[in-house]
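One letter stands for each residue in the lines below.
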Amino acid sequence: MTGFDQGEFRTVLGHFASGVALVTGMHRGHPSGFTCQSFFSLSLAPPLVAFAPGKASQSWPRVSSTSQVCVNILASDQEALARVFSQSGADKFAGVGWSPAANGAPRLHGALAWIDCAIEQVHEHGDHYLVVARVSDLDSRPGQPLLFYRAGFGNFSP
Ligand SMILES: Cc1cc2nc3c(=O)[nH]c(=O)nc-3n(C[C@H](O)[C@H](O)[C@H](O)COP(=O)(O)O)c2cc1C
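Predicted model only: the values in this text are computed from it and were never measured.

Student: It is not clear to me how the side chain of Arg107 should be interpreted in this structure. Could you clarify?
Tutor: Assignment of secondary structure puts Arg107 in strand E8 (residues 106–108). Reaching out from Arg107, the side chain makes a polar contact with the side chain of Asp116 at a distance of 2.6 Å. Ignoring anything within four residues of it in the chain, the contact list for Arg107 reads Cys70, Asn72, Gly97, Trp98, Ser99, Ala101, Trp114, Asp116, Asp137, Leu138 and Asp139.

Structure (structure tokens):
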């Protein structure tokens, strides 16, 4: 038993501001993806990143089906994309510009950075998975990030 409920857990953890990513992959020739803020760099040597998809996610089994994914870091003008890719069952890629990365995963046009990686380990923890992926290629462009803080989107002001 804990002294707090899920609502309080979400509220307090929501004070940790983060960037917003879209994790994408291909499934039987079709792009798939979901909005993700549980993304972080795990190791420099070897170059590893990690993120946590929910076990209830409908898109995660499709995104991970080839083990090759792209973590697209969203730019400040991509809030609408973040919202669409957080809706289960939506036709998320309708009208969305993307190009295949060298590993085949979708790189979204207009993102701030792209991290192409191969899934190496998937660990089960409660109602989510912890995925460790090895980076094969990456790139970025000048611009400002989309941020998420206390259940709201915002921009970075230095
Ligand atoms: C800003 C933001 C961050 C999110 N971060 C995560 C995350 O780190 N892990 C996760 O599983 N879901 C996260 N979600 C929820 C998923 O995006 C959502 O459950 C998923 O897209 C539902 O669609 P699916 O069933 O097709 O996966 C986030 C949603 C938003 C709006």
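Student: I tried to follow a nonpolar patch on the surface on my own but got confused; where do I start?
Tutor: On the surface, a cluster of nonpolar side chains totalling about 390 Å² of accessible area is made up of Phe4, Phe9, Val12 and Leu13. Relative to the helices and strands, Leu13 resides in helix H1 (residues 6–13).

Student: Would you explain the site of the ligand in this entry?
Tutor: As a structural note, the neighbourhood of the ligand is formed by 19 residues, with Ser38, Gly54, Ser57, Ser59 and Ser88 the closest of them. Contacts to the ligand include Thr35, whose backbone N or O atom sits 2.8 Å from an oxygen atom. Note that an oxygen atom of the ligand is positioned 2.6 Å from one of the side-chain N or O atoms of Ser57. When the free accessible area of the ligand is taken as 630 Å², the share hidden by the protein chains comes to 81%. Among the elements that make up the shell around the ligand, the one with the highest residue count is strand E3 (residues 30–36) (three residues). A breakdown of the residues in the shell around the ligand according to their chemical character gives seven nonpolar, 11 polar and one charged.

Student: Please clarify how the sheet that holds strand E12 (residues 152–155) should be interpreted in this entry.
Tutor: Paired through their backbone hydrogen bonds, the strands of a sheet run either parallel or antiparallel. Taken together, three strands build an open sheet; the order of strands is E1-E11-E12 and the sheet is antiparallel. The sheet is open, and its two borders are formed by strand E1 (18–19) and E12, each paired with just one other strand. Bridge analysis of strand E11 (residues 146–149) against E12 gives four bridges, and the strand direction is antiparallel. Following the sheet pairing, Leu146 is matched in E12 by Asn155.

Student: Would you mind going over the packing of aromatic side chains with me for this structure?
Tutor: Within a pair of aromatic rings, the relevant descriptors are the distance that separates the centres and the angle that separates the planes. What the rule picks out here adds up to six aromatic pairs. Judged by centre distance (6.2 Å) and plane angle (85 degrees), the rings of Phe34 and Trp60 are edge-to-face. In this pair, Phe34 sits in strand E3 while Trp60 sits in helix H2 (residues 60–63), placing the two residues 26 residues apart along the sequence. Residue Phe34 shares its accessibility class with Trp60, and that shared class is buried. Note that Lys55 overlies the ring of Tyr129, its terminal NZ or CZ placed 5.9 Å from the centroid.

Student: So what exactly am I meant to see when it comes to the sheet that holds strand E6 (residues 68–73) here?
Tutor: On the basis of which strands lie adjacent, the open sheet formed by seven strands has the order E3-E2-E6-E9-E10-E5-E4 and antiparallel pairing. Only two strands of the sheet have a single partner each, and these edge strands are E3 and strand E4 (40–43). Neighbour to neighbour, the strand axes of the sheet diverge by 35 degrees on average, direction disregarded.

The rules behind the values
- Residues numbered from 1 in each chain as written.
- Predicted model: local features only at pLDDT ≥ 70, side-chain atom pairs only at ≥ 80, totals over all residues.
- Heavy atoms only, no water.
- Helix = DSSP H or I, 4+ residues; strand = E, 2+ residues; numbered from the N terminus.
- Polar contact = N/O pair within 3.5 Å; in protein donor to acceptor, adjacent residues only side chain to side chain.
- Contact = heavy atoms within 4.5 Å.
- Patch = residues over 30% accessible without salt bridge, like charges linked within 9 Å, V, L, I, M, F, W, Y side chains within 5 Å.
- Areas by Shrake-Rupley, 256 points an atom, 1.4 Å probe, with all protein chains shown as cover.
- Salt bridge = Lys/Arg side-chain N within 4 Å of Asp/Glu carboxyl O.
- Near = heavy atom within 4 Å.
- Nonpolar A, V, L, I, M, F, W, Y, C, P; charged D, E, K, R; others polar.
- Pairing = 2+ DSSP bridges.
- Phe/Tyr/Trp six-rings, centres within 6.5 Å; stacked < 30°, edge-to-face > 60°.
- Buried < 20%, exposed > 50% of the residue type's maximum accessible area, 1.4 Å probe, protein only.
- Lys NZ or Arg CZ within 6 Å of the ring centre and 35° of its normal.
- Axes fitted to C-alpha atoms, helices over the stretch in contact; angles between N-to-C directions.

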